[in-house]
Amino acid sequence: MSMKGFLTGVVFFLVTCIPFNAQNLIGYHEKDIRGYMKQNQKNMVLQGMTFNNTYRYLKYADRSQTQTLFFFLSADSVCRSVRLICDKTLKDKKVSELNSLYKPLGNNLWEEEKNGVKYSVELKDEDWTFNISITTKPAN
C-alpha cells in the first residue's frame, strides 16, 4: 500500500469515528455555543460568524472538510436552528447516530423532546452531500 493510500485510510477512519456534530443547541446564546464547541467538539474549527440582513450564523468545519456545521441565530444571537452538511461517505454512520440519539419517525425523520419542547431532526439528500437539520416543532 502506498503512503498516500495509507494516509487516506487513516483520515477516513478518523472522520467516520467522529461523533455526531449536529448537537441540538437551539436556545443557546452565541457565546455559549462557542464555549460548547470549544470544549466538546475540538475536531470542529470556527470558520466565521455571519451577520447580514438575511442570515446570522456561526459556521464550523472539520479539518478534513467533510462536515460543515451551521448554527442559525436570531437577531439577539440565540440559536434558532442547526444544520450539518456532510460528505455522502458519512451517511450510514450518521443515520446510525441519529437512530441512537433521537426517536425515529420514519424515513429520514427523527424527533427529540427536551424540557417539554419537541424538535424535528431531518436528513435530506443532495447530489454530493446530505444535510441534517434540527428545528423546533410548532406547538399543536
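Residues numbered from 1 in each chain as written. Predicted model: local features only at pLDDT ≥ 70, side-chain atom pairs only at ≥ 80, totals over all residues. Heavy atoms only, no water.

1. Considering the environment of Thr68
1) Next: Along the chain, the position of Thr68 falls in strand E3 (residues 67–73).
2) Next: With a relative accessible area of 17%, Thr68 lands in the buried category.
3) Next: Excluding residues within four positions of it along the chain, Thr68 makes contact with Lys59, Tyr60, Ala61, Arg83, Leu84 and Ile85. (Helix = DSSP H or I, 4+ residues; strand = E, 2+ residues; numbered from the N terminus. Buried < 20%, exposed > 50% of the residue type's maximum accessible area, 1.4 Å probe, protein only. Contact = heavy atoms within 4.5 Å.)

2. Brief notes about the pattern of salt bridges
1) Next: Applying the stated criterion across every chain yields a total of seven salt bridges.
2) Next: A salt bridge links Lys88 to Asp125, with the nearest nitrogen and oxygen atoms 3.2 Å apart. One end of the pair, Lys88, is in the loop between strand E4 (79–87) and helix H3 (91–101); the other, Asp125, is in strand E7 (residues 117–125), with 37 residues separating them in the sequence.
3) Next: On the basis of relative accessibility, which here comes to 31%, the residue Lys88 falls in the partly exposed class.
4) Next: Close ionic contact of Lys93 with Glu97 constitutes a salt bridge, the shortest N to O distance being 3.7 Å. Highlighted residues: Lys93 and Glu97, both in helix H3, separated by four residues, approximately one helical turn.
5) Next: Residue class for Lys93 comes out partly exposed when judged on its relative accessible area of 34%.
6) Next: One connected set of salt bridges, linked through shared partners, spans Lys88, Lys91 and Asp125. (Salt bridge = Lys/Arg side-chain N within 4 Å of Asp/Glu carboxyl O.)

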